[in-house]
Amino acid sequence: MNWNAYSMDFKKTKYARFMNNRVPSNKRYQPTEYEHAANCATHALWIIPSILGSSILYFLSDDQWETISAWIYGFGLSGLFIVSTVFHTISWKKSHLRTIEHWFHMFDRMVIYFFIAASYAPWLNLRELGPWASHMRWIIWIMACVGTTYVFFFHERYKIVELICYVIMGVFPALVILSMADRDGLFELILGGMFYCLGMVFFKSDGRIPFAHAIWHLFVAIGASIHYYAIWRYLYRPGSTEIKTSR
């Protein structure tokens with residue numbers, strides 16, 4: 001008896017309701033009904049908290065740059081959860097909406113680049129940076145535009161390249177923290193980044209782990225929550241000791 005084949009057949013039977021088989025790298029994974037529901041719920045639940053949290057930062061803003069940064073971060077944060085939820089809902093109930101589904105799938109990938117840029121915006125705008133690091137304020141948005149252009153032309157064609165782009169954009173701007181005179185919040189930034197990185201294991205595990213994409217969503221939500229806490233505590237909370245950029 002081929003025990004490996006038997007084991008694989010057993011797993012397929014055991015998880016048949018919750019997980020479809022793997023697909024080739026150039027094709028999209030098709031979630032089960034249970035996975036579709038989980039994919040929608042795990043980001044829909046964070047829409048209202050993200051909007052409320054962004055509003056809190058706006059009302060705590062003391063000057064123009066804090067207000068601008070709160071708006072940018074708020075749009076990036078809430079936009080991520082809104083676009084993701086809409087895409088997964090359309091994907092679940094697609095029927096005659098295949099064209100719309102395709103475009104929202106692209107938007108779902110594109111918004112990740114702008115979410116990363118928006119997550120860095122408060123730190124880059126409100127903290128004092130060294131001469132070389134200050135250029136990152138606009139470089140990160142160029143990176144977001146390049147990533148968006150890549151998705152537009154090569155959507156779902158080179159998945160590993162897209163993943164590498166996300167990692168580079170998520171890690172590279174963090175290097176400017178080394179030039180900050182005030183490094184309060186560094187622990188939270190690293191911790192949140194670790195959740196994003198660990199979540200990528202599940203992001204690439206559709207067809208291997210049941211509800212892998214929904215688990216990835218939860219890692220994203222936890223990472224985003226930790227980063228929001230750091231922004232609120234060290235940049236916006238009354239009495240915080242951040243060093244503002246002179247403008």
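Predicted model only: the values in this text are computed from it and were never measured.

Rules and cut-offs
Residues numbered from 1 in each chain as written. Predicted model: local features only at pLDDT ≥ 70, side-chain atom pairs only at ≥ 80, totals over all residues. Heavy atoms only, no water. Helix = DSSP H or I, 4+ residues; strand = E, 2+ residues; numbered from the N terminus. Contact = heavy atoms within 4.5 Å. Axes fitted to C-alpha atoms, helices over the stretch in contact; angles between N-to-C directions. Parallel < 35°, antiparallel > 145°, perpendicular 65-115°, else oblique. Nonpolar A, V, L, I, M, F, W, Y, C, P; charged D, E, K, R; others polar. Core = buried A, V, L, I, M, F, W, Y, C linked by side-chain atoms within 4.5 Å. Buried < 20%, exposed > 50% of the residue type's maximum accessible area, 1.4 Å probe, protein only. Expected span 1.5 Å × (residues − 1). UniProt positions renumbered as here; feature names shortened; annotations may be inferred.

## Observations concerning the environment of His155
As for its position among the elements, His155 is in the loop between α6 (136-154) and α7 (159-171). The spatial distance from the C-alpha of His155 to the C-alpha of Met106 is 6.8 Å, given a sequence separation of 49 residues. Sequence-distant contacts of His155, defined by excluding residues within four places in its chain, comprise His102, His105, Met106, Arg109 and Tyr150.

## Re the packing of α6 against α7
In helix packing, the relevant descriptors are the interaxial angle and the interaxial distance, both defined with respect to the helix axes. The interhelical angle for the contact between α6 and α7, taken along N-to-C directions, is 170°, at an axis separation of 11 Å. Looking at the two axes, α6 sits roughly antiparallel to α7. For the pair α6 and α7, contact is made by Ile140, Met143, Ala144, Tyr150 and Val151 and by Val161, Glu162, Ile168 and Met169, respectively. Residues of the contact of α6 with α7, tallied by class, amount to eight nonpolar, no polar and one charged.

## Quick notes on the nonpolar core
Formed by 48 residues in total, the largest nonpolar core has its most connected members in Trp123 and Met169. When contributions to this core are tallied by element, the ones reaching two or more residues are α3 (47-60), α4 (64-92), α5 (98-126), α6, α7, α8 (186-203) and α9 (212-236). The leading source of residues in this core is α5, at 12 residues. The contact partners of Trp123, leaving out residues within four places of it in the chain, are Met180, Asp184, Gly185, Leu189, Ala230, Ile231, Tyr234 and Leu235.

## A few points about helix α2 (residues 33-44)
Its 12 residues give α2 an end-to-end C-alpha distance of 17 Å, which sits within 8% of 16 Å, the value for a rise of 1.5 Å per residue. When we look at burial in α2, the residues that qualify are Glu35, His36, Ala38, Asn39, Cys40, Thr42 and His43.

## Side note on the UniProt feature "transmembrane region" (unreviewed entry) in the protein chain
Under the UniProt annotation, "transmembrane region" (unreviewed entry) lies at residues 37-59, 71-91, 103-123, 135-153, 160-180, 186-203 and 215-235. Measuring from the first to the last C-alpha atom of residues 71-91 gives 29 Å, for a span that is 100% helix and 0% strand.

## Some words on the environment of Val176
Looking at where Val176 falls in the secondary structure, it is placed in the loop between α7 and α8. According to the relative accessible area criterion, Val176 is buried, its value standing at 1%. Not counting the four nearest positions on each side in its chain, Val176 is found in contact with Leu124, Trp132, Ala133 and Met136.

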